[in-house]
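A closer look at the structure
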Protein chains: 4
Amino acid sequence: MIGVAVVGYGYWGPNLVRNFWEIPGACLVAVCDLRKDRLVAVQNRYPAVHVTDDFDELLRNPRIDAIAIATPVAAHFKLAMKTLMAGKHVLVEKPMAASSDEARRMLEEAARRRLVLAVDHTFVHTGAVRKMRDLVQDGLGDVYYYDSVRVNLGLFQRDVSVIWDLAVHDLSIMDYVLPERPVAVSATGMSHIAGEPANIAYLNLFFESKLIAHIHVNWLAPVKVRRTLVGGSSKMILYDDLEPSEKIKVYDRGVTLNDSGEKVYQMLVGYRTGDMYAPHIDVAEALEIELRQFVECVERNKTPTADGNAGLRVVKILEAASQSLAERGRVVELEHMRRIA
Amino acid sequence: MIGVAVVGYGYWGPNLVRNFWEIPGACLVAVCDLRKDRLVAVQNRYPAVHVTDDFDELLRNPRIDAIAIATPVAAHFKLAMKTLMAGKHVLVEKPMAASSDEARRMLEEAARRRLVLAVDHTFVHTGAVRKMRDLVQDGLGDVYYYDSVRVNLGLFQRDVSVIWDLAVHDLSIMDYVLPERPVAVSATGMSHIAGEPANIAYLNLFFESKLIAHIHVNWLAPVKVRRTLVGGSSKMILYDDLEPSEKIKVYDRGVTLNDSGEKVYQMLVGYRTGDMYAPHIDVAEALEIELRQFVECVERNKTPTADGNAGLRVVKILEAASQSLAERGRVVELEHMRRIA
Amino acid sequence: MIGVAVVGYGYWGPNLVRNFWEIPGACLVAVCDLRKDRLVAVQNRYPAVHVTDDFDELLRNPRIDAIAIATPVAAHFKLAMKTLMAGKHVLVEKPMAASSDEARRMLEEAARRRLVLAVDHTFVHTGAVRKMRDLVQDGLGDVYYYDSVRVNLGLFQRDVSVIWDLAVHDLSIMDYVLPERPVAVSATGMSHIAGEPANIAYLNLFFESKLIAHIHVNWLAPVKVRRTLVGGSSKMILYDDLEPSEKIKVYDRGVTLNDSGEKVYQMLVGYRTGDMYAPHIDVAEALEIELRQFVECVERNKTPTADGNAGLRVVKILEAASQSLAERGRVVELEHMRRIA
Amino acid sequence: MIGVAVVGYGYWGPNLVRNFWEIPGACLVAVCDLRKDRLVAVQNRYPAVHVTDDFDELLRNPRIDAIAIATPVAAHFKLAMKTLMAGKHVLVEKPMAASSDEARRMLEEAARRRLVLAVDHTFVHTGAVRKMRDLVQDGLGDVYYYDSVRVNLGLFQRDVSVIWDLAVHDLSIMDYVLPERPVAVSATGMSHIAGEPANIAYLNLFFESKLIAHIHVNWLAPVKVRRTLVGGSSKMILYDDLEPSEKIKVYDRGVTLNDSGEKVYQMLVGYRTGDMYAPHIDVAEALEIELRQFVECVERNKTPTADGNAGLRVVKILEAASQSLAERGRVVELEHMRRIA
């Protein structure tokens, strides 16, 4: 049994609190937020949990082994570093930090102290994304493209652009699913409200192979869309997260190349239009799976699926994409990243 | 009554032939193709129509006032120039020509001889696109973005990339619908078959205003998608060409800006989530409407909706996009184009 | 402020508890269930609430003004009568009782004692159904038909057939929405598990006018469907409860009759295929609205939207439909029901 | 090579003409219609085909071996009998005749003269329906229910009700797909236009086993629906004819019965929610397949898939359903029908 505290009881914090409250292996000791009304809400619902607006109090509490940070991204670095330096494990909301420099320092600190640093890339714990990874690794053949659309009429945010708010989901999924890491990124986008961050953006990701990836995010769309297409030489996937029961569809479609030297083009390309199937998807709540894994990692000194390295890789792309967007889509190279264990 | 000939009886030619055969005002005099089997097919179905594999014969035939060119794009320039120089009007398939230089010379030749030069941008004659133009011009407010996805498992083509094959539709629709012309373009894409043109591509179009446009085309998608989102400050449109009866949906959704100097962000952005409506769309066949207009333009010396200038504008973007794609998305400026009448 | 108790903490009870806990005006005093594990669950989540497995204890508690009954239907009558005889108000799950005789006696008891007897016809408090009622009362013209499909792979129940489990929703919605009451009902159906109640059923409802209603319910369907069509002489409605944001679509479609004596049929029937619109729907939680209304009715001695009369009308149809189903669809007349106030 | 004539060039006749024109093995000799304008249309499109408004002329023409009848249903009997008595084969539109008595006499006449009598149940030649039959015969287990919805804003017809116009499709599909024949039928419905046939109807079909079938047809629906659910003990099918590429979906879903004598209900019923797959469907035009088969049957004296017996079985149900509808859903028994060869 490990003792846990949650910092930040805004949009996502209540989900962390509810799940930590319910999973065995974790004891939710305290919740911290700067707003009194939120602390009252916690107290009404979980009278047994200690509430405080003083973060440092958590650091001093010996019953707390790990802290989950669900504050605005700007505070991640400071709070995570304090937590690690107090010798406690960390689960931090995505994006992991406001810059790759911050993320790297968090990662190094955790490695030095042999503490668990997990990043809350929730989607990689869903049944749909895990199924997609299985399919990409075995069945799709060569991966040709990864194309994702994540748009809706979303809350405009002051502090981060739509890239940091929405594309972070796709980048964390891609990081988990694809067999290759991108080597460069470009992005275009626009802010339609003067002085505010971009509310629409398009990202291109370049790889060493012929794989090409693209992400479309938009806070100003009239309809909600959450669709990813993954094309491979053997099969293709349509992942629609809004489908209630058939989130993943696998198509036996594509072209078959004939590598003979024949000149007749119809001989070169053959079309396959076979069956489609929608595998049964495990619908267990992803966050519960993730938090159970986090507890297990803390207890047994293991590495979580989405560790600080994954968090850093995603932040580096977000950073490069933002830079590219500011320069009308200039390609920004992503230096090779050595894994920090 | 004008006399018409059609050159090219492959994929699209039969539609031109069928419509010219049926509309009043046109007399289908001859069909030309290099393949004998196709000429036999014409003769079986339209015994009254003359067939030939000799294009020059059409030029000499005084009963022919206009020639519709539905050959591969590489032949457009040569055939159109011959037609114009023989004093006959031209309707040419899209894309208008294989290069902007060719397109410009065709346009200049037609202008010099005061002949009609129409480009078969069929979509601009559909009820859905005409309705979209009406809405964009009156009701959408400032246009923020134009986003189109046109993907399916499509026939790979040897001579042109997916940009020239599919994006040409979106570019011709945008040229008709949007109040502004793009000033620059960038494109990324990939060919997944060695030695062949790109089969997937993403285009960004830049404008002087805050309008941003994006086109996704793909010959290697497992599902067919034909969806366009147009976001405006007052309303937004979803145009789904695969919907049988509700192709255009208009959403009273968006954000409302409060231009007071207040610092509180929630005061700055208000969300509107109002009604949606799907206007009744005229379902008359677009090609029939287009050909009737072409006949009228020839008879009364009028300018068609999609004239050579529209065709040239589209070809210039295709050309710039291809160039950008070859340079990993470098932004290519589109010089301002003076209208040639 | 009224004191409330909830009996039954199985499938639906937790929703009643959560909402009574949160709405102002109600004080959740106690929860009663026969299973100890459920009482423990209540205590963990709501330590301030008293738990008991002794229903009579609730009756003796002077702090409890009203009891919400969420037990299996067989127990509704006994528990509701005890509650009323103890001078307390009642909110009872749908269906209101296991027979119309029971329902009538509950209704009479409540009337005699001037206590509130509300039935939890939750759907009539949703934004979609309220909008549908507005449209039916003003805009649809003469109502021609009401057709509902409510199917999915649902939990088989031992004690009640699919009619009592699923059709009860449609009947409560129809009771609220339609301007007329049915005068007869017939039903066919089948049990595919020996010895169990019917798992698929079709109900026809007959009216004095030309209105016709039909309900299809099925526990053994591979996909979930929740769709209602309402056809009127002026407009038609499609209500799809699974649509996330466009639950109600209103179509300006139909036929227009020409009552001239002309013999030519095309003159008699004209087709209208006009616009469709999807009005914005209030998405507030229906149960919260309902419970707020219940509290207000208790406090101010008002009649709830779904009172005992509505509950009885629905039970009478369920009863008649079950009888009809057992006789291969024989039409069962519904005697006219005098309102009991 | 057989000589063919088509009678009736209204809604469906042109499809018969076009297909007979194109398939090898058939020579389209003549087209007959009472309206001159239609004959002119035939002549313009098929100058080689003889046109006439005199049906008896076809009977005398020795080049004509078979006649396809695509007139209103009231004329089927008279024209088919004349054709058979002239020693020619017949293909007749569905429904085969206006009464089962007529259908039986046509069938007997054809049997006596050993002529082919085919009924144009087009759907049974589609890839989707053939796939559905394969699945029902092998893979679905016991068939529990067959439920079909076929509604849209359809042309009102003066001479026949919506049952004869739309349900005829479902009945012909069921006749082909299901392993059992219905033993009784009931129907309810309504005419919303005074003096006209019913425009909405619901049919129940009863079988000796636990199979139950239901058909909903409606000419006055705001949206077009063509959906059939077939539930079996092992698998279930959703057939949506409006889906462009996934018309048939097969679900590995249902309940599994445990025939142990245990009392615990959860032990009795287990839920299966497995994969779904959508088999590739042959998209060849059904009418072409059907006419090729008809030609082969004439040439080799074979029995077509939809012969006069199938046509008669469907007409008997239509007749019984109409009778039931007139009596508010009284169950009408279907006497057992001996096959007439």
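Residues numbered from 1 in each chain as written. Chains lettered and ligands numbered in written order. Predicted model: local features only at pLDDT ≥ 70, side-chain atom pairs only at ≥ 80, totals over all residues. Heavy atoms only, no water.

If you look chain A up in an unreviewed UniProt entry, it shows as Oxidoreductase domain protein from Sinorhizobium medicae.

Observations concerning the interface of chain B and chain C
Residue-level contacts link 13 residues of chain B with 13 residues of chain C. Taken together, both faces of the contact between chain B and chain C bury some 970 Å²; the carbon and sulfur share is 39%. Among the residues of chain B in contact with chain C, Glu246, Met276 and His280 of chain B are the three that bury the most area, contributing 45% of the side total. Inspection of the region where chain B meets chain C yields zero salt bridges. On inspection of chain B and its partner chain C, the count reaches six residue pairs in polar contact (both at pLDDT 80 or more). Secondary-structure elements contributing two or more residues to the side of chain B that touches chain C are strand 13 (248–257) and strand 14 (269–278) of chain B. With six residues, the top contributor of residues to the side of chain B that touches chain C is strand 14 of chain B. Residues of the side of chain B that touches chain C, tallied by class, amount to five nonpolar, four polar and four charged. (Contact = heavy atoms within 4.5 Å. Buried area = accessible area lost by both parts, 1.4 Å probe. Salt bridge = Lys/Arg side-chain N within 4 Å of Asp/Glu carboxyl O. Polar contact = N/O pair within 3.5 Å; in protein donor to acceptor, adjacent residues only side chain to side chain. Helix = DSSP H or I, 4+ residues; strand = E, 2+ residues; numbered from the N terminus. Nonpolar A, V, L, I, M, F, W, Y, C, P; charged D, E, K, R; others polar.)

A few points about the UniProt feature "domain: Gfo/Idh/MocA-like oxidoreductase N-terminal" (unreviewed entry) in chain A
What UniProt calls "domain: Gfo/Idh/MocA-like oxidoreductase N-terminal" (unreviewed entry) maps, in this numbering, to residues 2–121 of chain A. Helix makes up 42% of residues 2–121 of chain A and strand 24%, and the two end C-alpha atoms of the span are 21 Å apart. (UniProt positions renumbered as here; feature names shortened; annotations may be inferred.)

Section: the interface of chain A and chain B
Each side of the interface is counted separately: chain A has 51 residues, and chain B has 52 residues. Counting across the interface, chain A meets chain B through two salt bridges. Notably, a salt bridge pairs Arg328 of chain A with Glu333 of chain B, separated by 2.5 Å at the nearest N-O pair. Across the chain A-chain B interface, the total number found is 17 residue pairs in polar contact (both at pLDDT 80 or more). No other element matches the seven residues that strand 11 (residues 220–232) of chain A contributes to the side of chain A that touches chain B.

Some details on the sheet that holds strand 5 (residues 89–93) of chain A
Residue and element names in this part refer to chain A. With parallel pairing, six strands are arranged side by side in an open sheet as 3-2-1-4-5-6. Edge positions in the sheet fall to strand 3 (50–52) and strand 6 (117–120), since each of these pairs with one other strand and no more. Strand-to-strand twist across the sheet, computed as the mean angle between neighbouring axes with direction ignored, equals 20°. Helix 9 (residues 286–300) contacts strand 1 (2–7), strand 2 (26–32), strand 4 (66–69), strand 5 and strand 6 of the sheet and is inclined by roughly 155° relative to strand 5. (Pairing = 2+ DSSP bridges. Axes fitted to C-alpha atoms, helices over the stretch in contact; angles between N-to-C directions.)

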